[in-house]
Amino acid sequence: MRNRSRPDVVAEGPNGESPPSSDGSAAAWYNGRAVPTATTLVLAAGTAALLIAASWGHASIFWGDYGKWLFEVQRVGEGARLYTDVYWPQLPLAAWIFGAWTRLVGSELSNIWTLTSALAMALALLFALHARRLVPGRVAAWVIPPSLVLIFALTSINSAPIGMGMYMPAAPLGAAFLLGALIFAEDVVRTGSLTRAPWIGVACGLALATKIDFWPPIAALLLLVALLAPVRRGALVGALAAGIAIVATPTLAVLLRQFAPGEMLSLLLGFGQAREFAGRSSPTMERVVLEITSASAFTALALALIPPEARSRRHAKWLVAMLSLAALGCAIWVANGPAGATAMGPFGWPGRRELVSELVDAIVRHAPSGLFPLAALAAIARWRAGNDAVERRRVLLLVAGVAAAARVRRMGENVEFYQAMIELPLYFALAIEFLPMPAVRAGAFVQRGVVTLACVALLCHWQLSYGFLTRRGWQSAHPTLRGVMHLREGEYLLLQSMVGAADSIDPTRARPLFAFGYSGGFNYFMQRRNPTSTTQGFAFSVHSTLEENVTRVRSANPPAFLLDNRIIGHVPFPQKGVHLLRWRAPTILSPYLRVDRPLFDALAADCRPVTGFPAGSPTFTLYSC
């Protein structure tokens, strides 16, 4: 019987589950023993702290995207104007925040990592609040730790750990604002109160000013809040618009002082980034097959986790159907052959030689599947619930819609960590709501799901993450000009040889360095300025033409060093366009070969290679001009 002193608590059965409600549904299990919100926050903070500590000081390739953004925010902190004086391929907010931070405390690694780790901790706490609203009480307490392990691991695919800032801090910063807006929206949709509506607008405005990836889910969130919230629509829309205006007005004012209105579109498209990489987001038949295969496989897994005594003939039919669909998808993929475009998948398996390994890698990149939230929308729309479930139905509709919209930007290319943050609690909530089983069996189902999630999360941590208890291990700590960093021995030798070679010619470090291609991190770690505004090759000019950037390198005073990067050798990437009717998109050479290479070779022809030192890698050559 209900505890009179705590109306949200239901007496538990002998195995810790709550007794069945009058409707006998699994959703009644939510009324079991409550777990305080503070407990879930402590669990999230503790898990995040352990993961940050395990990866502290570790990153991906120091000279690539990671070092490039470190150099960019350092330049902003030194007073350089964003976009015109220094390259930044995203909207300005992250560069402004991190630039201001480096101006206050300095641009050393430990100072920047302090801010990135604080951002990762904030994301973990926001995730806990989001999960608590979808799967309250004991379910949230079980789901949060393994989910965070998996989410932190996903951030390390081809990137640095989230605690170290990832490939660019705009990603975790925008994700934090999006998650904050979603949490406020969940409360408004549930209660109909306008108190938090302006804060939804503020959070949405901040996310919009961070990265264009967040525009589709923000648009879906605003639309769904306006449609679902039980409040006067005019007042709600006004509150949302006011919150967005608080952020948008000063941001646009600053940008319009620097750019003409006609140039704003170029800024939004990353000054050439969208033009070159549009093909990546174009869906192909292969991607559609992988999405369906992933959705079928994970739906079959959810059905298999149902306790045997709670299964019905209907469950068995759906299980067979999902397994058959997943098998058919795998067969179609195998019949068309592996892509062979990358030698290594996210799990480090040789994708060219091992067909099965590449297939598993491909499915992992599409899981949790983006089709699951879409299917949930249809399921919720048909849900015949009593009055006591209407508020919960609105919240699930909101989250499912935002989760589906979050997949639009990449069109199913791969799973982003913030998509998993939105979706993982949703999967547990939907499974309990829609899988018909007695309430006393819902606990067993969730426990099996959590154990499965934990196993997958630990495997992903081992395979994908950096630092303690990973296959990469704990790399040795090495001193650099920017502070101590954990690097592989070969990378450390490469960095030291480059620093030593340049300093032997110019010990004052007054001569600038132009690093070819994805090599902007050398500017940061060698403490040498860039003679141009761009840190990602000539093709991605910021507010100047190709010829102007070449002229800046040629006329640098004192003369510039050139650093050639041949790792980016013959890298193809999808050609822009719509390729839905093709199995895979046609590929073209990267702009670093198509555009930048002739320009760089012309510059290097007047320079001499620096020799007499162990370069650490035959793919880099330092030139003195």
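The rules we used
- Residues numbered from 1 in each chain as written.
- Predicted model: local features only at pLDDT ≥ 70, side-chain atom pairs only at ≥ 80, totals over all residues.
- Heavy atoms only, no water.
- Salt bridge = Lys/Arg side-chain N within 4 Å of Asp/Glu carboxyl O.
- Buried < 20%, exposed > 50% of the residue type's maximum accessible area, 1.4 Å probe, protein only.
- Helix = DSSP H or I, 4+ residues; strand = E, 2+ residues; numbered from the N terminus.
- Phe/Tyr/Trp six-rings, centres within 6.5 Å; stacked < 30°, edge-to-face > 60°.
- Disulfide = S-S within 2.5 Å.
- Axes fitted to C-alpha atoms, helices over the stretch in contact; angles between N-to-C directions.
- Parallel < 35°, antiparallel > 145°, perpendicular 65-115°, else oblique.
- Left-handed = near helix turned anticlockwise from the far one by under 90°.
- Contact = heavy atoms within 4.5 Å.
- Nonpolar A, V, L, I, M, F, W, Y, C, P; charged D, E, K, R; others polar.
- Pairing = 2+ DSSP bridges.

A word on the pattern of salt bridges
- For the coordinates displayed, the defined rule picks out 18 salt bridges.
- Measuring nitrogen to oxygen at the nearest pair gives 2.8 Å for the salt bridge that ties Asp503 to Arg509.
- Residue Arg509 is classed as partly exposed on the basis of its relative accessible area of 26%.
- The closest approach of N and O atoms between Arg597 and Asp564, which form a salt bridge, is 3.1 Å. In this pair, Arg597 sits in helix α22 (residues 591-604) while Asp564 sits in strand β4 (residues 561-565), placing the two residues 33 residues apart along the sequence. Here Arg597 and Asp564 have matching classes, each one buried.
- Each member of the salt-bridge network shares a partner with another, and the members are Arg133, Asp187, Arg190 and Arg196.

Quick notes on unusual backbone geometry
- In this structure, the amide linkage connecting Asn557 to the following residue, Pro558, adopts the cis form with an omega of 0 degrees.
- At Met166, a residue that is not glycine, the phi angle is positive and equals roughly 60 degrees.
- Within the fold, Met166 resides in the loop between α5 (138-154) and α6 (170-191).
- In the Ramachandran plot, Leu469 falls in the positive-phi region, its phi being about 60 degrees despite a non-glycine side chain.
- The residue Leu469 is located in the loop between α18 (439-464) and β1 (477-480) in this model.

Describing the packing of aromatic side chains
- Throughout the structure, instances matching the rule amount to 11 aromatic pairs.
- Judged by centre distance (4.9 Å) and plane angle (40 degrees), the rings of Phe516 and Phe600 are tilted. On the criterion of sequence distance, the pair formed by Phe516 in the loop between β3 (513-515) and α20 (521-526) and Phe600 in helix α22 is long-range, its members being 84 residues apart. Of the two residues, Phe516 and Phe600, neither departs from the other in class, the shared state being buried.
- Summarising the aromatic geometry, the rings of Phe522 and Phe620 are spaced 5.3 Å apart at their centres and angled 70 degrees between planes, so their arrangement reads as edge-to-face. Of this pair, Phe522 sits in helix α20 while Phe620 sits in strand β8 (residues 620-624), and the two are 98 residues apart along the sequence. Here Phe522 and Phe620 have matching classes, each one buried.

A few points about the state of the cysteines
- A complete count under the given rule lists 1 disulfide for this structure.
- Across the disulfide, Cys607 is cross-linked to Cys625 (sulfur-sulfur distance 1.9 Å). The S-S bond linking Cys607 to Cys625 shows a torsion near 95 degrees; that makes this disulfide right-handed. In this pair, Cys607 is assigned in the loop between α22 and β7 (608-609) and Cys625 in the segment after β8, connecting sequence segments 18 residues apart.
- In this structure Cys607 comes out as buried when scored by relative accessible area, which is 14%.

Describing the packing of helix α7 (residues 197-208) against helix α8 (residues 215-228)
- Contact pair α7 / α8: the axes reach a minimum separation of 9 Å and the direction vectors enclose 165 degrees. Between α7 and α8, the angle is such that the two are roughly antiparallel. The handedness of the crossing between α7 and α8 is left-handed. Contact residues: α7 offers Ile200, Cys204, Ala207 and Leu208, while α8 offers Trp215, Ile218, Leu221, Leu222 and Val225.
- Among the residues making up the contact of α7 with α8, the classes are represented as 9 nonpolar, no polar and no charged.

Remarks on the sheet that holds β8
- Here we have 4 strands laid out as an open sheet, ordered β3-β4-β8-β7, and mixed in their pairing. Whereas interior strands pair on both sides, the edge strands pair on one side only; in this sheet they are β3 and β7.
- Relative to β8, β4 is paired through 5 bridges, and the arrangement is antiparallel. Its bridge partner lying in β8, Asp564 is registered against Thr621.
- Together, β4, β7 and β8 form the strand contacts of helix α19 (residues 489-505), whose direction differs from that of β8 by roughly 10 degrees.
- α22 contacts β3, β4 and β8 of the sheet and is inclined by roughly 135 degrees relative to β4.

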